[in-house]
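The chain contents come next:
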Amino acid sequence: MKALIVDALASEKGERKATRDAIGAGTRSVAGVLESRRVDYTVLDAESALGEGLPQGYDLLLVSGMTQDIPAMRRVISMWKGGPTIVGGPVTSDPEQALRRTGSDLAVVGEGEETLIELLQAGLNDGVLPGVEALRGIRGIAFKTETGYEATQLRRSMPRAVYDQFKPSTSAIGYYSLFRSARVYVEVRRGCSNDHRASLGHSCESCGICKGGSLGERYDCPLGIPPGCGYCSVPSLYGPPKSRSAQHVRDEIAALLKEGVTRVVLSAPCFLDYGRDLLVEPEPLTDPRSPEPNYGEIEGLLSSLASLPRMASGTASFMIENIKASLVTEKAAKVLGRYLGGTPVSIGFETGSEAHSEQLGRPSTPRETLTAIRRLKRAGLKPYVYFIHGLPGQNESTVNETVRAIESSVEEGAERVILYRFQSLPMSAFSGHPSAPPTIRDPLSRRIHEAAARANMRAKEDMLRGVIRVVVAERYDRDRRLLVAYPLRHGPVVLVESAEPLEGKVLDVEITGIASERMVTGRPVAMF
Ligand code: SF4
Ligand code: SF4
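Residues numbered from 1 in each chain as written. Chains lettered and ligands numbered in written order. Predicted model: local features only at pLDDT ≥ 70, side-chain atom pairs only at ≥ 80, totals over all residues.

Asker: Would you mind going over the overall build of the protein chain in detail, with residue names and values included?
Answerer: The helix and strand tally for the protein chain stands at 19 helices and 22 strands. For 528 residues, the compact-globule formula gives about 24 Å, and the C-alpha radius of gyration of the protein chain, at 23 Å, lands near that figure. Seen along its three principal axes, the alpha-carbon backbone of the protein chain occupies a region of about 65 × 60 × 50 Å. In the protein chain, which comprises 528 residues, the proportion classed as buried is 51%. Considering only contacts in the protein chain between residues 6 or more positions apart, those separated by 24 or more positions represent 73%. (Helix = DSSP H or I, 4+ residues; strand = E, 2+ residues; numbered from the N terminus. Rg over C-alpha atoms; globule rule 2.2 N^0.38 Å. Buried ≥ 20, exposed ≤ 12 C-beta atoms within 10 Å, placed from the backbone. Contact = placed C-beta atoms within 7 Å.)

The following block contains the structure:
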């Protein structure tokens, strides 16, 4: 049996974007499971699959993506002429929609490793979809039936020891054409510790359990309101945090560097939760602020990665993904600064209003977020702040406070403001709210957009004539005189003026101009 895995993450309609430079961790996890069962496989990204067609001779198609990637996923599945098709990843938080709109036979919901093993054991190993009775015995799936769709019970989130045994594939990275220059995500932990609840749109009885109960009690709201920030489904899909051992993470990164990877992102919904689950085991970690971060585990992981030869020589880099302000103590900022100086760190702000923040179920307040930005900046990191427009509860007063918060973030040291549109996600507390319209159709959201654009333009102007280290990806398809390059540690996409074939090379470039809100231009001044 041969499986074809198509990675559609962030491919949306399947068109190629110069700013798409990330390779998520999910596909390598699936590939790792297939390797452990000795199943032969190939990986393709959605753009290649749609541009070049699907290769022949495969028995099983696995496609992963998010809800916004459904158009690309549907196009890939419609081209498939072989055996069963399976979809996975965040798109399956609404399994029926995932099946109906992609046309797939089966959806794997939430954590996929154990589910995929059970499917293989039930018959998928022979390239055949197991019968309905067998499927009904497997948790965490949805599948087509003669009369419609059927979903089985959600799988319990894996215990830490089980999760830590799974080994994502490292050789699968070679299937991605731009793996030498892309940000390659390596999962260090899964799940979220924010079991606060959103009160907007629900008749919360204010029993206080989700903020004041014991760790075990916070897990279940008596009214069944999903845990976490109202716009997010991570706690519902993946449960409380569980961390991988530092040795396993280091082994995986060392193997990826050997394959030729240059930029690694330690992927986790909040990096400062890393190892914090160990402090409360066997209780679930359902409190986003207490206990404080597990400084020893965090420092152990970061110091062992910094000692990898290519990291130590500066020809490869690692960075973290995002953190919660509620865990950014002075001590945490200093530990991060020791190993991650000059790299970005993302921090969710979302709204500038204290009352709105509380209603959204956020783990931290706007005031705490500003303090966190200041601490991280002082420690030498480059804070990127995230806001969301069109959230339930947005009104003139929350927008005024959000515009002020964007300006204050920049004053405190935020290097970039990233604005998202509110998307209604299944399995989140706001699943019943409609998604927000584009900023152009909502004057209040437009004010947030303009404030973010002003802040980002100022940050780019500050970069002019500065020098940053980049890794070159490929020629720019809209202007063949330029090369697309990604900063090794921090900064926007750089269009490098050069006729030389520098793909895969690490360069220092001087920033010469601003090409757009997302890109600058530069010229090479040194090569490594
Ligand atoms: S959201 Fe649920 S657990 Fe939290 S206070 Fe309200 S009723 Fe209680
Ligand atoms: S947005 Fe972040 S803090 Fe909030 S529930 Fe999702 S992962 Fe947790």
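More follows now that the structure is in view.
Asker: Quick rundown of the sheet that holds strand β15 (residues 344–350)? Include the residues and the values.
Answerer: Strand order in the open sheet formed by four strands is β14-β15-β16-β17, with parallel pairing between adjacent strands. Only two strands of the sheet have a single neighbouring strand rather than two, namely β14 (322–323) and β17 (416–421). As paired strands, β14 and β15 are joined by two bridges and run parallel to one another. When the sheet's bridge partners are listed, I323 is paired in β15 with I347. Contacts between helix α18 (residues 396–412) and the sheet are confined to β15, β16 (382–389) and β17, with β16 contributing the most and set at about 170° to the helix. Sitting on the sheet, helix α19 (residues 443–463) touches β16 and β17, and the angle it makes with β17 is about 155°. (Pairing = 2+ DSSP bridges. Axes fitted to C-alpha atoms, helices over the stretch in contact; angles between N-to-C directions.)

Asker: An account of the site of ligand 2 is requested, with residue identities and associated values reported.
Answerer: Around ligand 2 lies a shell formed by C192, N194, G228, C229, C232, V234, P235, P269, K324, G348 and P363. A breakdown of the residues in the shell around ligand 2 according to their chemical character gives seven nonpolar, three polar and one charged. (Near = placed C-beta within 6 Å. Nonpolar A, V, L, I, M, F, W, Y, C, P; charged D, E, K, R; others polar.)

Asker: So what about helix α4 (residues 95–102)? Which residues, and what values?
Answerer: Listed in full, the buried residues belonging to α4 are P95, A98, L99 and T102. All buried residues of α4 project into a common sector of 95° when viewed along the axis, lining one side. Taken together, the buried residues of α4 touch α3 (70–79), β5 (85–88), β6 (106–108), β7 (141–144) and β8 (149–151). A positive phi of about 80° marks G103, the residue just after α4. (Arc of directions from axis to C-beta.)

Asker: Quick rundown of the nonpolar core? Include the residues and the values.
Answerer: By size, the foremost hydrophobic cluster in this structure holds 126 residues, and its most contacted members are V6, V76 and V184. Lining this core are residues from two domains, each supplying at least three of them: domain 1 (2–161) and domain 2 (180–461). Residue contacts for V6: discarding those within four places in its chain leaves L44, A46, A49, L61, V63 and V76. Within the second largest apolar cluster, 21 residues are counted, among which are I468, L482, L502 and I511. (Core = buried A, V, L, I, M, F, W, Y, C linked by C-beta atoms within 7 Å. Domains from an automatic or database assignment.)

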